[in-house]
Amino acid sequence: ELVPAAVLLSTAEKKAGVRRIACPRGDVLLDGAEAAYDHDRKRIYYANDLDEALANFFIAHEFAHHWLDEVAQCCKAHDLDCTAPAEPTMSPVGD
């Protein structure tokens, strides 16, 4: 049985000490993006009007910035392609 994304993200939030905060689209904290990670404050900001599944995707992506220890990052919708395969077509990993 798969663990729901909400449970995984809640656990990640607690273990990492990073808070998730929904913001109105256009909020300065989002810097024009769908979601943003603030390293100094240990916060993930995300647009509050996103579909739940897409919000979870962006939040998980921002957690990766935390674990990669990146200082600050924000990703706009065109930066991420949810429909792209996880591996490039020519990847040695293959299908």
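Model, not experiment: these values are computed from the prediction.

Rules used throughout
- Residues numbered from 1 in each chain as written.
- Predicted model: local features only at pLDDT ≥ 70, side-chain atom pairs only at ≥ 80, totals over all residues.
- Heavy atoms only, no water.
- Helix = DSSP H or I, 4+ residues; strand = E, 2+ residues; numbered from the N terminus.
- Buried < 20%, exposed > 50% of the residue type's maximum accessible area, 1.4 Å probe, protein only.
- Contact = heavy atoms within 4.5 Å.

**Student:** How would you explain unusual backbone geometry if you had to name every residue and give the values?
**Tutor:** Unusually for a residue other than glycine, Asp 31 sits at a positive phi of about 50°. By secondary structure assignment, the location of Asp 31 is in the loop between strand S1 (19-23) and strand S2 (35-38). Taking the relative accessible area as the measure of exposure, Asp 31 reaches 51% and is therefore exposed. For Lys 42, which is not a glycine, the phi torsion comes out positive at approximately 55°. The residue Lys 42 is located in the loop between S2 and strand S3 (43-47) in this model.

**Student:** Now, about the side chain of His 66: what can you tell me, with residues and values included?
**Tutor:** One can find His 66 in helix H2 (residues 52-67). Not counting residues within four places of it along the chain, the set of residues in contact with His 66 comprises Ala 16, Val 18, Tyr 37 and Lys 42.

**Student:** Just give me the short version of the environment of Leu 30, but keep the residues and values in it.
**Tutor:** As for its position among the elements, Leu 30 is in the loop between S1 and S2. For Leu 30, a relative accessible area of 0% puts it in the buried group. Considering only alpha carbons, one finds Leu 30 and Ala 47, 17 residues apart in sequence, at a separation of 7.4 Å.

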